[in-house]
Amino acid sequence: MFAVIKTGGKQYRVAANDTITIATLPGEAGEAVTFGEVLLFADGEGATQVGAPTLSGISVTGEIVAHGRDKKVIAFKKRRRQNSRRKRGHRQHHTVVRITGISA
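To start, this report covers the structure provided alongside it. (Residues numbered from 1 in each chain as written. Predicted model: local features only at pLDDT ≥ 70, side-chain atom pairs only at ≥ 80, totals over all residues. Heavy atoms only, no water.)

## Brief notes about the nonpolar core
Part 1 of the reasoning: In this structure, I5, V14, F35, V60 and V97 are the most contacted members of the largest nonpolar core, which totals 18 residues.
Part 2 of the reasoning: At the level of elements, β1 (2-7), β2 (10-15), β3 (19-23), β4 (32-35), β5 (38-42), β7 (59-69) and β10 (93-103) are the ones that each hand at least two residues to this core.
Part 3 of the reasoning: No other element matches β10, which puts three residues into this core.
Part 4 of the reasoning: With near-sequence residues (within four places) excluded, V97 lies in contact with D18, T19, I20, I22, L25, V33, F35, G62, E63 and V65. (Core = buried A, V, L, I, M, F, W, Y, C linked by side-chain atoms within 4.5 Å. Buried < 20%, exposed > 50% of the residue type's maximum accessible area, 1.4 Å probe, protein only. Helix = DSSP H or I, 4+ residues; strand = E, 2+ residues; numbered from the N terminus. Contact = heavy atoms within 4.5 Å.)

Now the structure itself:
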């Protein structure tokens, strides 16, 4: 059994006991979180439900494991022969979530 959820502008394929890294969510580690935007649901028998755009009555629950930051991404721009360069770094915040179950 698995589902496709949408959070933070991205889509994730999740199943029970999966651990996913998503955009930052409010809440502390150990708190429960519910994802209501379920785009696709497939049970173990081969039946698949596809939302248009989302499914009602199906939700995915999870538990916040930790908050953190990704690796640094360097944005370096250089204009040749003009002694012009710019270097900026960015670290995106993220939340690690363990999926506890899918309720249909």
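## A look at the sheet that holds β1
Within a sheet, each strand pairs with its neighbour through backbone hydrogen bonds, oriented either parallel or antiparallel.
Part 1 of the reasoning: Taking strand neighbours across the sheet as the criterion, the four strands line up as β2-β1-β5-β6 in an open arrangement whose pairing is antiparallel. Strands at the two margins of the open sheet, each flanked by one partner only, are β2 and β6 (48-55). Along the sheet, successive strands turn relative to each other by an average axial angle of 15 degrees, direction set aside.
Part 2 of the reasoning: When β1 meets β2, the two strands line up antiparallel, connected through six bridges. Residue I5 lies in a different strand from β2, and its bridge partner there is Y12. (Pairing = 2+ DSSP bridges. Axes fitted to C-alpha atoms, helices over the stretch in contact; angles between N-to-C directions.)

## Some words on the sheet that holds β4
Part 1 of the reasoning: Across the sheet, four strands lie side by side as β3-β10-β7-β4; this open sheet has antiparallel pairing. Among the strands making up the open sheet, the edge pair consists of β3 and β4. Averaged over neighbouring strand pairs, the angle between their axes works out to 45 degrees when direction is ignored.
Part 2 of the reasoning: Note: β4 against β7, four bridges, orientation antiparallel.

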